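Residues per chain, in single letters:
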Amino acid sequence: MSGRLAGYAAEIERYLRMPGAGDLEEPEEDKPLQAAGRETADRQAMNIRASGVTQARVASPMAGVQSSMGSAKHPGASSRVAKAPVSSSGRGGPLSAIPLSVGTSGSLRSSSDANEAIATFGLTLGPFVKEEEEEWRRRGGGGVRSGALPSTRHFARATREARAVAARAAYAAGAQPAVFKVLSSAANGKQAGALLAYIGTRANEQGEKRDIEIFTDSGQGLANAQDRRVFLHQFTQTFEPQLENTNFIEVRFELAGDVTDEALGEALNAAFGSKPFVYARTGDSVAVYGHTGERAGPLAEILAAGRANSRSKALDKIEAGLDEAMGKAGIRAAAEVTAAVGNERKAQYFLQKFIRAHEQVRRANGQAVSSKQPTKAAAAIFEEWRPQLSGRERRNAYHLLFSARAGTDAQAIMAAARAVLEERAPGHKFVLAHHAETKHVHIHAMVQARSADGERLTFYKADLHAWREAYAEKAREHGIAMAATRRYDHAMSRPYTKEHAGAYKRAQHDPRYQVSDKTVARVEDKRQRRMDSGLLVANGGAIAAVWQQTATVMRAAGVTGQALTAAQAIGHTVLQVHARRGGEEPADARSKYGGGPRLTPSFLSHPGMKELTRLIGATEMAQTPLEMRQKMARVNQALDEMRDTLPNAEQPRFEQYRDGVNDKMHDRLARLQFEQQKGAGGGGEAAPQREARDRDLPARDDTRQLEASGPQAEKARQRVQQQKDSAKQKGRQADEQDRKAQRSQDDEYER
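Everything quoted here is computed from the prediction, not taken from an experiment.

Caption draft 1: Region of interest: the overall build of the protein. Of the regular secondary structure elements, the protein holds 26 helices and 17 strands. A buried classification covers 44% of the 751 residues belonging to the protein. Within the protein, contacts between residues separated by at least 24 positions form 71% of all contacts whose residues are at least 6 apart in sequence. In the structure as shown, the protein presents an accessible area of about 38900 Å², 49% of it carried by carbon and sulfur atoms.

Caption draft 2: Broad picture of unusual backbone geometry. Its identity is not glycine, yet A491 carries a phi of approximately 55°, on the positive side. Classification of A491 by relative accessible area gives buried; the value is 1%. Residues other than glycine seldom take positive phi values, yet R529 does so here, at roughly 60°. Along the chain, the position of R529 falls in the loop between α20 (517–527) and α21 (533–557). Its relative accessible area of 33% is what places R529 among the partly exposed residues.

Caption draft 3: View of the nonpolar core. Residues W547 and M554 are the most contacted members of the largest nonpolar core, which totals 37 residues. Apart from residues lying up to four places away in sequence, W547 is in contact with R168, Y171, A172, D489, H490, A567, I570 and G571. Within the second largest apolar cluster, 32 residues are counted, among which are A178, A417, L421 and L457.

Caption draft 4: Local environment of the pairing of strand β10 (residues 285–291). Burial runs high along β10: six of the seven residues are buried. Here seven bridges tie strand β8 (residues 248–255) to β10, and the two strands are oriented antiparallel to one another. Within the sheet, the bridge partner assigned to E254 lies in β10 and is S285. In the sheet, strand β9 (residues 277–282) pairs with β10 via six bridges, with the strands oriented antiparallel. Note that in β10 the partner of A280 across the bridge is A287. Counting the residues that bridge the hairpin from β9 to β10 gives two residues, and of these G283 lies at a positive phi of roughly 65°.

Caption draft 5: Region of interest: the packing of helix α23 (residues 609–619) against helix α24 (residues 625–643). The interhelical angle for the contact between α23 and α24, taken along N-to-C directions, is 160°, at an axis separation of 9 Å. In terms of axis orientation, α23 runs roughly antiparallel to α24. As α23 packs across α24, the resulting crossing turns out to be left-handed. Facing α23, whose interface residues are M609, L612, L615, I616, A618 and T619, α24 presents M628, K631, R634, V635, A638, L639 and M642.

Caption draft 6: Region of the structure containing the sheet that holds strand β11 (residues 333–341). Spatially, five strands are ordered β11-β8-β10-β9-β12 in an open sheet, and the strand pairing comes out antiparallel. With partners counted over all chains shown, the strands left at the sheet margins are β11 and β12 (362–363), one partner each. Against the sheet, helix α12 (residues 296–305) makes contact with β8 and β11, and its axis sits at roughly 105° relative to β11, the strand it touches most. The sheet strands contacting helix α13 (residues 314–328) are β8 and β11, and the helix crosses β11 at an angle near 135°.

Caption draft 7: Structural context of the confidence of the model for the protein. For the protein, per-residue confidence averages 74 on the pLDDT scale, and 70% of positions sit at 70 or higher. Low pLDDT (under 50) marks residues 141–158, which in the prediction has 28 contacts with non-local residues, meaning those over four places away or in another chain. The low-confidence segment residues 584–600, where pLDDT is below 50, has 36 contacts with residues more than four positions distant or belonging to other chains.

Caption draft 8: Just the pattern of salt bridges, in detail. This structure, assessed with the given rule, holds 25 salt bridges. Of the charged contacts, one joins R202 and E437 as a salt bridge, the two residues approaching to 2.6 Å between their closest N and O atoms. One end of the pair, R202, is in strand β4 (residues 201–203); the other, E437, is in the loop between β14 (430–435) and β15 (441–448), and 235 residues separate them in sequence. E437 sits in the partly exposed class, given a relative accessible area of 47%.

Caption draft 9: Looking closely at the environment of S403. With respect to the secondary-structure elements, S403 resides in strand β13 (residues 397–404). Taking the relative accessible area as the measure of exposure, S403 reaches 8% and is therefore buried. Taking C-alpha positions, S403 is 9.5 Å from A417, a pair spaced 14 residues apart along the chain. Once residues lying within four places of it in the same chain are set aside, the contact partners of S403 are V179, H440, V441, H442, Y471 and M482.

Calculation criteria
- Residues numbered from 1 in each chain as written.
- Predicted model: local features only at pLDDT ≥ 70, side-chain atom pairs only at ≥ 80, totals over all residues.
- Heavy atoms only, no water.
- Helix = DSSP H or I, 4+ residues; strand = E, 2+ residues; numbered from the N terminus.
- Buried < 20%, exposed > 50% of the residue type's maximum accessible area, 1.4 Å probe, protein only.
- Contact = heavy atoms within 4.5 Å.
- Areas by Shrake-Rupley, 256 points an atom, 1.4 Å probe, with all protein chains shown as cover.
- Core = buried A, V, L, I, M, F, W, Y, C linked by side-chain atoms within 4.5 Å.
- Pairing = 2+ DSSP bridges.
- Axes fitted to C-alpha atoms, helices over the stretch in contact; angles between N-to-C directions.
- Parallel < 35°, antiparallel > 145°, perpendicular 65-115°, else oblique.
- Left-handed = near helix turned anticlockwise from the far one by under 90°.
- pLDDT = per-residue confidence, 0-100.
- Salt bridge = Lys/Arg side-chain N within 4 Å of Asp/Glu carboxyl O.

Put into structure tokens, the structure is as follows:
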């Protein structure tokens with residue numbers, strides 16, 4: 001077993017010896033063992049190659065295997081070679097015949113290890129590629145081209161599951177995980193220039209900045225600041241201006257008690273913060289027209305359709321926030337949003353309309369607004385506001401990082417990074433530079449977010465995974481053993497951001513600077529390569545299942561030796577940790593992959609959770625109590641089925657979750673019953689309910705009538721609460737009756 005996997009196994013063994021397997025504090029006697037494992041992993045150079053490995057790689061018999069991931073070469077070799085068992089022992093197997101460049105014995109051994117990991121990836125993925133090829137031929141029809149091989153676009157469509165299995169197999173064989181990050185973005189030329197200067201300069205031992213050579217997408221070298229300025233002028237041609245936020249709302253406040261004009265102005269400034277606004281007061285009513293950070297379009301749609309016909313709580317949140325801010329300023333008031341506009345033309349028109357409709361309109365500083373010429377006054381005010389209407393900044397450039405372990409060939413990683421950018425960002429200008437002062441290999445890049453043709457880059461989660469897969473593929477093509485594995489596969493701790501690292505470093509040097517325990521734990525866990533105890537305990541069974549699936553596929557593909565042993569050991573050990581922590585014995589039953597546990601490790605990862613979530617969401621669409629009871633019965637039936645498949649350790653948590661779901665459904669049922677009773681009884685009911693609209697509860701206290709706190713209001717609230725409790729109790733009884741009837745029908749059907 002390799003040194004890195006030995007360190008990984010030592011970490012799991014240490015975790016098993018810990019009481020409860022939930023606390024990650026390191027015992028003193030285990031620190032030397034972990035340190036030795038980490039040191040061994042750092043020294044491991046399985047992916048180092050000598051300077052002449054490139055020529056040998058081109059002539060390697062495994063070139064066909066490497067091309068199975070999407071290169072233009074013929075992939076047939078992968079399926080043919082897969083028939084022969086491959087040993088990952090390092091000596092004496094079929095891979096020992098791979099030609100290597102002349103160099104030191106260490107370089108030869110490392111190149112051999114790298115080629116073994118790359119070959120393992122190709123052999124594991126080979127059967128899936130062959131199935132895709134045969135499926136394409138089957139659907140392609142006959143004719144003279146019926147036996148022709150499909151193009152790269154057709155045959156290189158291995159499923160995501162197949163790629164994940166191949167990546168885990170390569171990792172077990174010694175491949176390093178692909179590390180690709182989007183570090184930051186630049187919104188304008190100034191920020192892009194600062195980023196370009198960071199990439200193109202480094203500090204020497206005396207702390208002085210010195211230029212390093214960086215390379216553009218065309219292969220041109222930028223050796224100094226003058227070259228960077230010329231390139232930056234071309235680079236920023238596709239930059240777009242900053243977005244402008246023109247969202248405005250009109251709010252009406254009903255004041256409680258005597259409030260002076262001075263106190264009102266201070267409270268409104270506290271409620272709206274730095275956002276511009278104007279207001280007009282008429283007695284205890286105050287109208288405000290101001291800027292908002294919320295999107296006004298959806299708010300206008302809710303107001304146009306009627307708040308009673310919408311389930312959105314956006315207006316409620318805005319009103320609650322304004323009420324709270326006014327209360328903190330010492331004024332009791334009830335806010336109501338009456339209008340919303342989302343573009344500049346309408347915003348200026350509504351401002352003009354507001355000035356025309358109200359007397360004594362004042363600005364945020366208390367200055368009166370002239371109402372003699374509303375159009376000119378509105379235009380002047382809006383132009384004064386314009387500098388404050390800045391919205392979110394556009395991402396016009398991205399700062400990317402391609403990283404590899406210490407000892408990896410930096411030139412090969414540089415070539416792989418360039419190939420990834422050319423493939424994933426065609427038509428986008430970019431620069432590349434290698435920062436050699438770091439322990440690991442770091443290739444920094446800056447790339448345009450929008451190309452000259454208008455195509456924009458996106459970096460959602462799926463995009464990030466695609467970039468990592470492309471990076472791993474290009475690295476393998478350049479002789480670097482790399483695989484795009486997931487953090488979930490290894491149950492490793494979450495990565496930390498540069499903000500976390502900066503706060504942690506500052507707290508170490510400045511005792512006055514406080515940082516949260518979570519931030520400290522996140523940074524230290526990742527630096528010390530600790531596993532994520534929560535992930536390992538909650539999803540240990542699922543993680544073990546994917547490794548057992550990987551071992552099964554590797555065995556079928558003919559991969560033997562330490563790589564197969566490592567994959568089996570990881571799955572078995574993770575399953576042991578999960579079983580000990582959850583109070584269950586490891587299951588002997590096999591999953592569909594040949595080794596997974598039958599019991600679901602956590603009800604949150606249960607296969608039926610997706611369907612259950614859909615059923616729970618459907619209850620919100622019920623319009624009558626009868627329809628609601630039917631939907632509740634389906635939800636409880638799904639809950640019963642899920643409960644029967646969960647281990648004993650998950651039953652208490654599941655019951656708490658079930659109680660919460662039923663409470664929410666009964667609240668919904670009570671509201672529907674109350675609305676049905678109110679509709680049948682006519683319009684004679686006293687109406688605190690008219691202001692409820694679509695809240696979570698059937699009724700609420702009307703905060704706009706703060707002075708009405710007499711006996712009649714108290715009796716009305718008690719009557720509403722009694723009706724709600726009665727409806728909820730009836731709903732529970734009806735629901736229990738439906739469940740009993742359903743179970744009786746199921747028993748009768750089984751008999």
